[in-house]
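Coordinates in review
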Amino acid sequence: MNIYKNIVSAKKEGKKLLAVLIDPEKIEINNLSSFFEKVHQSVATHIFVGGSTDKNRQTEKVVSEIKKITKLPIVLFPGDVNQITNLADGILFLSLLSGRNPEYLIEQHIKAAPILQASNLEIIPTGYILIDGKKETAVQKVSNTKPISQDNIDLILNTALAGEFSGKKLIYLEAGSGAAVLVDANIIKKCKSQLNIPLIVGGGIKSKKQLEIAFNAGADLVVIGTAFEKDITFFNDLKK
Ligand code: 1GP
């Protein structure tokens with residue numbers, strides 16, 4: 001499906017991308033078709049599926065249902081190895097670079113390796129950087145790591161650069177699901193100006209204006225989950 005190639009092409013052409021994040025623990029399978037009617041009327045280009053946890057192992061079921069109703073690329077955004085399913089198109093192979101917990105830097109990856117090796121998923125190595133969104137987030141709790149302060153732009157930038165230099169294909173600046181404070185536009189700008197690889201931004205975005213600020217600052221792809229979960233009419237503001 002060439003997910004990564006298409007992200008790189010979009011970046012080159014200055015075409016902005018929007019991923020709708022679906023958390024298998026939260027979405028009602030019965031509501032998926034009406035939800036996707038809205039998704040398809042909107043400018044959304046990707047579907048991300050994942051969450052910090054998936055206690056009832058719903059991911060595969062949810063991906064299988066989504067697959068029936070959309071042609072948009074379905075990309076796993078997994079909290080752990082149990083959220084991998086071959087039914088998706090690709091996977092963000094996330095390394096939590098802002099943290100110092102080996103479990104999320106290499107352990108989960110080793111556990112995932114044989115599953116990925118046997119799958120057809122497009123694997124996209126992604127440097128994942130948790131930035132303080134002024135609300136303790138699920139990623140923080142589950143990974144037992146601290147986010148980087150928004151004041152420490154140099155550390156954020158150097159972490160992103162270290163990711164690029166060690167071969168990550170994407171950098172994801174994450175304020176955390178439902179963040180109270182978004183990743184600051186100056187942080188996005190600074191990272192954008194120094195990175196060659198595409199930049200993803202997410203966490204707490206809930207208006208068209210905030211989305212545009214992230215895009216204008218240099219995000220190539222923005223991820224929105226909670227705002228759509230809370231109010232499906234938000235899609236109306238983002239019509240094609
Ligand atoms: C969270 O970046 C994503 O991992 C999206 O965050 O749910 O706040 O949109 P929201």
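Residues numbered from 1 in each chain as written. Predicted model: local features only at pLDDT ≥ 70, side-chain atom pairs only at ≥ 80, totals over all residues. Heavy atoms only, no water.

**Re the environment of Ile171**
Tracing the backbone shows Ile171 in strand 6 (residues 170-174). Between the C-alpha atom of Ile171 and that of Glu60, which follows or precedes it by 111 residues, the distance is 26 Å. Look past the residues within four positions of Ile171 in its chain and what remains in contact with it is Gly127, Ile129, Ala160, Gly163, Glu164, Leu195, Ile197, Pro198, Leu199 and Ile200. (Helix = DSSP H or I, 4+ residues; strand = E, 2+ residues; numbered from the N terminus. Contact = heavy atoms within 4.5 Å.)

**Digging into the site of the ligand**
The full set close to the ligand counts 14 residues, and Glu174, Gly178, Gly204, Gly225 and Thr226 are the nearest of them. Here an oxygen atom of the ligand and a backbone polar atom of Gly203 are 3.1 Å apart. Within the backbone of Gly204, a nitrogen or oxygen atom sits 2.7 Å from an oxygen atom of the ligand. Protein chains shield 97% of the accessible area of the ligand, which is 310 Å² for the free molecule. (Near = heavy atom within 4 Å. Polar contact = N/O pair within 3.5 Å; in protein donor to acceptor, adjacent residues only side chain to side chain. Areas by Shrake-Rupley, 256 points an atom, 1.4 Å probe, with all protein chains shown as cover.)

**Focus: the sheet that holds strand 3 (residues 74-76)**
Taking strand neighbours around the barrel as the criterion, the eight strands line up as 1-2-3-4-5-6-7-8 in a closed arrangement whose pairing is parallel. Neighbour-to-neighbour, the strand axes of the sheet open up by a mean angle of 30 degrees, direction not taken into account. Alignment of strand 4 (residues 90-96) against strand 5 (residues 122-130), held across seven bridges, turns out to be parallel. Bridged to Gly90 within strand 5 is Glu122. Where helix 2 (residues 32-41) meets the sheet, it contacts strand 1 (17-22) and strand 2 (46-49), and its direction lies at approximately 170 degrees from that of strand 1. Packed on one face of the sheet, helix 3 (residues 59-69) meets strand 1, strand 2 and strand 3 and runs near 165 degrees to strand 3. (Pairing = 2+ DSSP bridges. Axes fitted to C-alpha atoms, helices over the stretch in contact; angles between N-to-C directions.)

**Some words on helix 8 (residues 208-217)**
By the burial criterion, the buried members of helix 8 are Leu211, Ala214, Phe215 and Ala217. Against the buried residues of helix 8 lie strand 1, helix 7 (185-194) and strand 8 (221-224). One or two residues past the end of helix 8 sits Gly218, with phi positive at roughly 130 degrees. (Buried < 20%, exposed > 50% of the residue type's maximum accessible area, 1.4 Å probe, protein only.)

**Regarding the pairing of strand 7 (residues 199-202)**
Neither face of strand 7 is left uncovered, since the one carrying Leu199 and Val201 and the one carrying Ile200 and Gly202 both have all their residues buried. Note that strand 6 and strand 7 share four bridges and pair parallel. Across the sheet, Ile171 pairs through a bridge with Leu199, a residue of strand 7. Of the crossover connections in this fold, the one passing from strand 6 over helix 7 to the parallel strand 7 is right-handed. Pairing between strand 7 and strand 8: three bridges, direction parallel. Counted as the bridge partner of Ile200 is Leu221 from strand 8. (Right-handed = clockwise from strand over helix to strand, strands pointing away.)

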